[in-house]
Amino acid sequence: MCGVLTADHIGQTVSVCGWVAKRREHGEHLAFVDLRDHSGVIQCVVDNGVDVRSEYVLRITGVVRARPDGTINTGLSTGHVEVGDCVVEVMNAAEPPPFPIDARADDVDELVRLKFRYLDIRRERMQRNLRVRAQVNSAIRKEMESNGFVEVETPLLMPSTPEGAREFLVPSRKNPGSFFALPQSPQLWKQLLMVAGIDRYYQIARCLRDEDLRADRQYEFMQLDAEMSFVSQEDVLENIGRVVIAAAHAVTGEDPPEIQRMTWRDAMERFGVDKPDLRFGMELIELTSLFASTGFKAFAGAHSIKGLLVDAATYPEAAGFGRNKLDALTDRAKKIGAKGLVWIKIGASGAFDSPVAKFLSSEEQSSLLLATQAVEGDLLLLVADQWETTVEVLGQLRNDIGRPPVFEGPYRYVWVTEFPLFIGSDPVTGKLRSGHHPFCAPHPDDLHLLDTDPLKVRALAYDLVLNGWELGSGSIRIHEPELQRRVFNQLGITDEEADKRFGFFLEPFKYGAPPHGGFAFGIDRLVAILAGEENIREVIAFPKTQSGSDPMTNAPTPVDPSHLLELGLRLLPPPASA
Ligand code: ASP
């Protein structure tokens, strides 16, 4: 390989294959050719008469020799040597590339990078990222296999299922008017595999969700999907924790970090989000009882009052926040759902500089200083609202103000457990919605509330979070048909409908379903963090753009009307807004 040649190889005859990174004249008869492959670059001294240009594909055979004094390049692993006496075989010519292959990837417009992705991948950044990805996949497979998991592949064409995301549909030519759905995940299959006695299943599975794309979301993504029989939640967390750490270790070589634990309620109370970023402090401070008998109208009777301390020692800029910045924070808080945001700048001897200072009694002011430990130069942000709004607003502000880029160390993993089984009601049906998906088991201690106070029921459901990114989720599943029906009913799915939609899934549970549980985590996200990337597109060979298309193939494209006819489909005019 080009990049491995060092002084140890001096005197050896070698053949190197690769692409011309650079060619420069060297006197009258000779030229330097820097030949590149994924391992690096080697300087070759070739006859000037050979016609080679950037990105030509060559095989060069020659003898490794020390570079003459004064021409050594210590910035290059091969910088002490060169290949001389070269025979050059031009294996293919190349057009000038649309962007320099050796330049930094972020110097080039992303659309151009994606249009010529095969050239973009030839560059160092993508070469490294795809190799990190392969390392992660390989470490996952090794770890899963050594723990007795069996890899089973499941179908891409399947019926529509209730996992919450919008599905991609595939029309059936043989059954006009009927459709397959592409899997949001192999959830149903893996649970059936438990009934089938594959007691430890895994798959590096492609999942598809027709949702708006973001930095951490593509239509298609890869998950490590796993399921186990006869296990407790602890067993699942232990096994999945082990594999994630093994994958991270394969890339970073760092000592395995500890995975912390937190209940969902704790995460919301302390960090205002269900995927807390534990790399920085700034925890939400509980203040409801402090203002229990306040005369300040905006706080009186509020369900929940919490504060955020932006301390000047860590965030020196906060002390200088002017009116504009504070108004922007207030607008942001309102956008998220708060009625307002109270800000207080702490001056000398704890004096309050705030539009609401006059409404707070001196006891309230000193208790507030005590509770928040705020000192001169600090900024306090307070929200009083319904609990959900209070924590959500302050959680977002905490992230906005304090959160480092996702890949900035250290790696802080946390299991968030005891998610709610249900969340609010569906605006259309008025029925509850699943916190995760309808197959999660209720917490046994809360079963008695299932019919009477379902929003209070916790699930045996958990997420793994890394540096504020949700890596994945899982749960212990319901394995008794009767309990599954009760949960379906809360979700507004009647027995008849359940039979019609998921009969194929419920029926097998009558034939001896073992207790089981599992997990799935997003490989793209883990790789992105380990590769130091903010966007999962950087770790996917052929991703879609943010707007969901592929500039290289132009997909999605219209299809031939005869193709539609064959499928029994006719197109409506595009909606006016499209
Ligand atoms: N199927 C779930 C998901 O993709 C994960 C699980 O519950 O195992 O989010």
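Residues numbered from 1 in each chain as written. Predicted model: local features only at pLDDT ≥ 70, side-chain atom pairs only at ≥ 80, totals over all residues. Heavy atoms only, no water.

1. Quick notes on the site of the ligand
Part 1 of the argument: Inspection of the region around the ligand gives 13 residues, with S185, Q187, K190, H437 and R477 positioned closest.
Part 2 of the argument: Here R209 contributes a side-chain N or O atom positioned 3.1 Å from an oxygen atom of the ligand.
Part 3 of the argument: Q223 has a polar side-chain atom sitting 3.2 Å from an oxygen atom of the ligand.
Part 4 of the argument: Coverage of the ligand by the protein amounts to 97% of the 270 Å² it exposes when considered alone.
Part 5 of the argument: Of all elements in the fold, only α4 (187–195), β21 (469–476) and β22 (516–522) reach the threshold of two or more residues within the shell around the ligand.
Part 6 of the argument: Grouping the amino acids of the shell around the ligand by side-chain chemistry returns 2 nonpolar, 7 polar and 4 charged. (Near = heavy atom within 4 Å. Polar contact = N/O pair within 3.5 Å; in protein donor to acceptor, adjacent residues only side chain to side chain. Areas by Shrake-Rupley, 256 points an atom, 1.4 Å probe, with all protein chains shown as cover. Helix = DSSP H or I, 4+ residues; strand = E, 2+ residues; numbered from the N terminus. Nonpolar A, V, L, I, M, F, W, Y, C, P; charged D, E, K, R; others polar.)

2. Let's talk about the environment of T263
Part 1 of the argument: Within the element layout of this structure, T263 appears in strand β11 (residues 259–263).
Part 2 of the argument: The spatial distance from the C-alpha of T263 to the C-alpha of R133 is 31 Å, given a sequence separation of 130 residues.
Part 3 of the argument: If we skip the residues at most four places from it in the chain, T263 touches V416, T417 and E418. (Contact = heavy atoms within 4.5 Å.)

3. Comments concerning the pattern of salt bridges
Part 1 of the argument: A complete count under the given rule lists 43 salt bridges for this structure.
Part 2 of the argument: In this structure, the salt-bridge partner of R261 is E234, at a minimum N-O distance of 3.0 Å. Here the residue R261 occupies a position in strand β11, and E234 occupies one in helix α5 (residues 233–252), the gap between them amounting to 27 residues.
Part 3 of the argument: Residue classification places R261 among the partly exposed positions, given a relative accessible area of 43%.
Part 4 of the argument: Its salt-bridge partner being E283, residue R270 comes within 2.9 Å of it at the nearest N-O pair. In this pair, R270 is assigned in helix α6 (residues 264–271) and E283 in the loop between α6 and β12 (285–286), connecting sequence segments 13 residues apart.
Part 5 of the argument: Bridged by salt links that share partners, the residues R113, R117, D120, R123, R125, R128, E533 and E538 form one connected network. (Salt bridge = Lys/Arg side-chain N within 4 Å of Asp/Glu carboxyl O. Buried < 20%, exposed > 50% of the residue type's maximum accessible area, 1.4 Å probe, protein only.)

4. Some words on the sheet that holds strand β14 (residues 342–346)
Part 1 of the argument: Within the open sheet, the 5 strands sit side by side as β12-β13-β16-β14-β15. Their pairing is antiparallel. Since the sheet does not close on itself, it has two edges, and those belong to β12 and β15 (352–353), each with one partner.
Part 2 of the argument: Seen against the sheet, helix α10 (residues 387–402) touches β13 (304–310) and β16 (379–385) and runs at an angle of roughly 10° to β13. (Pairing = 2+ DSSP bridges. Axes fitted to C-alpha atoms, helices over the stretch in contact; angles between N-to-C directions.)

5. As for the state of the cysteines
Part 1 of the argument: Under the definition given, this model contains 0 disulfides.
Part 2 of the argument: Free cysteine C2: the closest other cysteine sulfur is in C44, separated by 7.0 Å.
Part 3 of the argument: Judged by its relative accessible area of 0%, C2 is buried.
Part 4 of the argument: Sulfur of C440: no disulfide; nearest cysteine sulfur belongs to C207 and is 15 Å away.
Part 5 of the argument: A relative accessible area of 2% means that C440 is categorised as buried. (Disulfide = S-S within 2.5 Å.)

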